[in-house]
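# Residue-level structural notes
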Amino acid sequence: MKKPEVLVPAGSLEVLKTAVGFGADAVYIGGEVFSLRAKAKNFPLSDMREGITFAHERGVKVYVTVNIFAHNSDLKEAEAYLHKLKEIAPDALIISDPGIFSLARKIVPEIDIHISTQSNNTNYATYDFWHDLGAKRVVSARELSIDELAEIKEHIGSDMEIETFVHGAMCISYSGRCLLSNFLTGRDANRGECTHPCRWKYALVEETREGEYMPIEEEEGKGTYIFNSKDLCMIEHIPELVSARLDSYKIEGRMKSALYVATVARTYRHAVDDYFESPEKYEKNLPWYTDQISDCTYRQFTTGFFFGKPGADSQIYGESTYVVEYVYLGYAEEIRDDGWVRVTQRNKFFVGDVIEVMKPDGTNPSVKVEAMRNASGEDMDSCPHAGETIYIQLPGGAEINIYDILRVKKT
């Protein structure tokens, strides 16, 4: 049986390199236009070119999202953008709009096309439809069960691939096709501008009692975040995913930090590899996977629709904030001959702090920050300014490699 692909998101060049270093088989990214994550940093063409070269040199594929639903005014710019992507040559384009699909088939026929989950792909006839038009892969709707996915796999051609979300945020609307953001704020989720109103707190107002807000509660003690889903997590169900013969396990999160991407990529990488080495090894290491997967931001976990329709326990009613276990400090960008490690600092820490070095092999050695300097070589006691280039000195025996993540347990 073919080992499934671990597909990891990246919202910037830094995060792409992290994803590659921490075990991704493929990375999906968005450009500065025509992507459904307009608020992410995203990739200018120069960074996209560098990222694709970096990934390909390490045997990792890169897919580019071109998955907005286009209006007439978008089409000329879309044609120009596709010509630019032709030069950069990613491994595939992720597309939802049939018009964009048609343009891509004409302009970049040599680049594979993957059909986005936004297209609501819920049955094998849909997969066959896209296959007949030339698509290589279809990303399934999140609303499908394991049994439905296995049935789709049985009915489609062997050269048609299924990609399925296995981890990350869940939308309240069918496969993300949401109109709530557009209605409430004028920002169209289907054109990359979602304001995430599903995470807001709501109350009921009677039309003749303006200003009187009545709470909406599922039961006593629960709050009014009525659309706020838990995050999807299938790390405990790799055997079921493998049995369904899915081709690609997709992780959501193009707006997430390098720490999040490293944590989730590493955990799924080890889980998949361990299972294919030995199901017994996977079972033995299951406590490690569940422990590690919680080391990044999350909203509590659910298995979504994989084992039936979610019930009330798949929602979080009391708050909309993430659980945060670790704080991201930066990653090792350069290790000088004299032992100083260059870091673009993300959060404040101090000389004398004990931090963790998160490594792709699954270890997280603790080390003490012995000294710190700024880019001018001046000694510092701490680094209070996010984005500042600093150099840190770790103990002489500390093993650290480029792209290792630096983090600290949140107190």
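Note: the structure precedes this text.
Summary of the structure given here. Residue numbers here run from 1 along each chain, matching the order of that chain's written sequence. Note on the predicted model: pLDDT of at least 70 is required for a residue's local features to be given, and 80 or more for side-chain atom pairs to be given and counted; whole-chain, interface and lining totals, by contrast, use all residues. Hydrogen atoms and water are omitted, and side-chain values are computed over all heavy atoms in the structure.

### Side note on the side chain of serine 96
Relative to the helices and strands, serine 96 resides in the loop between β4 (92-95) and α4 (98-107). With a 1.4 Å probe rolled over the protein chains alone, any residue whose accessible area is under 20% of its type maximum counts as buried; one over 50% counts as exposed, and the rest are partly exposed. Judged by its relative accessible area of 3%, serine 96 falls in the buried class. Any pair of nitrogen or oxygen atoms within 3.5 Å is treated as a polar contact; in protein, a donor-acceptor pairing is required on top of that, and neighbouring residues in sequence qualify only through side-chain atoms on both sides. Within the local environment of serine 96, its side chain forms a polar contact with the backbone oxygen of asparagine 67, the two atoms lying 2.7 Å apart. In what follows, residue pairs with any heavy atoms lying within 4.5 Å of each other are defined as contacts. Serine 96 has contacts with Val66, Asn67, Ile68, Phe69, Ser116, Gln118 and Ser119, leaving out every residue within four places of it along the chain. A run of H or I in DSSP counts as a helix once it spans at least four residues, and a run of E counts as a strand once it spans at least two, with each numbered from the N terminus.

### Here we look at the sheet that holds strand β13 (residues 326-331)
Only strands joined by at least two bridges in the DSSP assignment are considered to pair. Strands sit in the order β13-β20-β16-β17 across an open sheet of four strands; the sheet is antiparallel. Here the strands that pair on one side only, and so sit at the sheet edges, are β13 and β17 (366-368). Neighbour to neighbour, the strand axes of the sheet diverge by 40° on average, direction disregarded. Relative to strand β20 (residues 405-409), β13 runs antiparallel, the two being bridged by five bridges. Following the sheet pairing, valine 327 is matched in β20 by valine 408. Think of each axis as a best-fit line through the C-alpha atoms, taken over the contacting stretch in the case of a helix, with angles from 0 to 180 degrees between the N-to-C directions.

### Describing empty space enclosed by the protein
Lining residues are defined by having an atom within 4 Å of a point belonging to a cavity or pocket. Those points lie on a 1 Å grid over the protein atoms alone, cavities being sets where a 1.4 Å probe fits but cannot get out and pockets being open sets with protein on both sides within 12 Å along at least five of seven lines. Grid points are joined across faces, edges and corners, and a volume is the space filled by probe spheres set on the points. Scanning the model with the defined rule gives two cavities of 30 Å³ or more in all. Taken as a whole, the largest cavity holds about 50 Å³ of empty space. Lining the largest cavity, in full, are Ser140, Ala141, Arg142, Leu144, Thr164, Phe165, Met170, Leu232, Gly304, Phe305 and Phe306.

### Quick notes on the packing of aromatic side chains
For any pair of aromatic rings, the description consists of the separation of the ring centres together with the inter-plane angle of the planes. Here a pair means two rings of Phe, Tyr or Trp (six-membered ring of Trp) with centres within 6.5 Å. Their orientation is stacked below 30 degrees between planes, edge-to-face above 60, and tilted elsewhere. Applying the stated rule across the entire model yields nine aromatic pairs. Where tyrosine 331 meets tyrosine 403, the ring centres are 6.0 Å apart and the plane angle is 15°; that geometry is what we call stacked. Pair noted here: tyrosine 331 is in strand β13 and tyrosine 403 is in the loop between β19 (389-393) and β20, with a separation of 72 residues, a long-range link. Following the ring pairs from residue to residue traces out a cluster consisting of Tyr275, Phe276, Tyr282, Trp288 and Tyr289.

### A look at the sheet that holds β19
Taken in spatial order, the four strands line up as β14-β15-β19-β18 in an open sheet, and their pairing is antiparallel. Strands at the two margins of the open sheet, each flanked by one partner only, are β14 (334-335) and β18 (371-374). With two bridges joining them, β14 and strand β15 (residues 340-344) adopt antiparallel strand pairing. Bridged to glutamate 334 within β15 is arginine 342.

Everything listed is a geometric property; what it means functionally is a separate question.
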